[in-house]
Amino acid sequence: MIVILNPNTDESSEEFKETWDYLNSLENIRTQKHIVQGKFQSLTEIYLFGDTAALSKEAIEVLPAVDRVVRISQEYRILGRHKDNKLSTGFNYNGVHFDQDNLNIFAGLCAVDNKEHVEKMMKALKENGQVCTRMGAYKPRTNPYSFQGHGKTCLPYVFELAGKYSIKVIAMEITHESHVDEIDNALEKMGRPTGVMLQIGTRNIQNFELLKVIGRQNEYPVLLKRGFGITLNESLNAAEYLASEGNANVVFCLRGMKTSFSEPHRNMVDFSVVPAIKRLTRMPVCIDPSHSVGSREADPKGILDVFHATAQGVIAGANMVLVDFHPNPVKALVDGPQALLLEELPRFLEDVQIAREAYEKRVKLLDKYKVKSV
Ligand code: PEP
Ligand code: MN
């Protein structure tokens, strides 16, 4: 059961105390509090776990701070939408807002290789008005002899340059809980010049112990990538692991599915499920066209498949784009063949904008052609 409090309820108010004390006095019920940060207001949600079937919805609805009560289904208890389209969503992190209605672009390096490339990337982002990026320091590689990422040694210059070029959020994959401490220590030492969104890759999505540890911290939001060989339901349950441990600031990322039928792409592009994830859960949905497509192939007019896949995800309502760029892809140590060039950044951003505007126009059509729901 989710108890949604009146907007902007102050936790030191009498109304809150009375409500909180009542909920905590219920027998065999455990409570968990979460603040949903909308663009204009914050909403406190209190989740009730345990023997909730025996509770009276009406008795809770009359408590002074309560706006409404939603009975939830067994699945995705915290992150799920539970057939209630009004359940709000979203969080702010380091000055950037994430929800199911807006769009953030994370263009950057798949893997940090050297300081010069990081600086060129960040400079290009700033010149194009971007405040988010991706930077891989810890790389999970299929081949044990492949470059594994520079790890903590690159963090000082990555964070310093992020500060220099006003980057507010870096999506950075972690493959072990110790990496969070390394990131946290490096940021702390440097006075937190930027923020980090912890990325859990497709290979680690069912590393439940890692999910639990990352879910127990609230400092950093999480970008969780769909498992490339498991069902959507299994991947969404993995996201719920993070929320059930306390961190519901999760963005869910589609990155293509592994199948021999994906050719000519690296993975089967699965961006058609963007709307389904928004229907099933309240998480903002990210698309990763680079790891889905995996090449720089283009159509006869010259529009790259990566651009097309991005547009397909954005026109379906995606809320975040994670995309590989590199100043010199031939020299890239990881995934060079799928990287876009810095010269392509302005056109990429404009192309995304066209798809986003088309999505917004499609939403407006709903009002123009309003039909009674059936
Ligand atoms: C990545 O984003 O660099 C990556 C390794 O992605 P995935 O986990 O989707 O393979
Ligand atoms: Mn990669």
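Quantities reported herein were computed from a predicted structural model and do not represent experimental measurements.

Some words on helix 1 (residues 14–25)
Next, step 1: Taking 1.5 Å per residue, 12 residues should reach 16 Å; helix 1 reaches 16 Å between its end C-alpha atoms and fits that length.
Next, step 2: Within helix 1, the full set of buried residues consists of Phe 16, Thr 19 and Leu 23. Viewed along the axis of helix 1, the buried residues span an arc of 75 degrees, placing them on a single side of the element. Structural note: helix 1 exposes Glu 14, Glu 18 and Ser 25 on the side pointing more than 90 degrees away from its buried face.

As for the nonpolar core
Next, step 1: Core analysis: the biggest nonpolar cluster contains 100 residues, and Met 135, Val 158, Phe 159, Met 172, Ile 183 and Phe 348 have the highest contact counts within it.
Next, step 2: If near-sequence neighbours (up to four positions away) are discounted, Phe 159 is found in contact with Ile 170, Met 172, Ile 183, Ala 186, Leu 187, Met 190, Pro 193, Thr 194 and Val 196.
Next, step 3: By size, the runner-up hydrophobic cluster in this structure holds 15 residues, among which are Val 3, Phe 16, Leu 26 and Val 66.

Describing the pairing of strand 3 (residues 42–50)
Next, step 1: With 8 of 9 residues buried, strand 3 is to be regarded as a mostly interior element.
Next, step 2: Bridge analysis of strand 1 (residues 2–5) against strand 3 gives 3 bridges, and the strand direction is antiparallel. Bridge pairing in strand 3 links Val 3 to Ile 46.
Next, step 3: The pairing of strand 2 (residues 29–37) with strand 3 spans 9 bridges and is antiparallel. Within strand 3, the residue paired with Ile 29 across the bridge is Gly 50.
Next, step 4: Hairpin connection between strand 2 and strand 3: a loop of 4 residues separates the two successive antiparallel strands.

Remarks on the packing of aromatic side chains
Next, step 1: Considering all chains together, one arrives at 7 aromatic pairs under this definition.
Next, step 2: Taken together, a centroid distance of 5.9 Å and an interplanar angle of 15 degrees make the contact between Phe 16 and Trp 20 stacked. Highlighted residues: Phe 16 and Trp 20, both in helix 1, separated by 4 residues, approximately one helical turn.
Next, step 3: Joined through ring pairs, the aromatic side chains of Phe 91, Phe 98 and Phe 106 make up one cluster.
Next, step 4: Here the guanidinium or amino end of Lys 258 rests over the ring plane of Phe 228, the centre of that ring lying 4.8 Å away.

What counts, and where the lines are drawn
- Residues numbered from 1 in each chain as written.
- Chains lettered and ligands numbered in written order.
- Predicted model: local features only at pLDDT ≥ 70, side-chain atom pairs only at ≥ 80, totals over all residues.
- Heavy atoms only, no water.
- Helix = DSSP H or I, 4+ residues; strand = E, 2+ residues; numbered from the N terminus.
- Expected span 1.5 Å × (residues − 1).
- Buried < 20%, exposed > 50% of the residue type's maximum accessible area, 1.4 Å probe, protein only.
- Arc of directions from axis to C-beta.
- Core = buried A, V, L, I, M, F, W, Y, C linked by side-chain atoms within 4.5 Å.
- Contact = heavy atoms within 4.5 Å.
- Pairing = 2+ DSSP bridges.
- Phe/Tyr/Trp six-rings, centres within 6.5 Å; stacked < 30°, edge-to-face > 60°.
- Lys NZ or Arg CZ within 6 Å of the ring centre and 35° of its normal.

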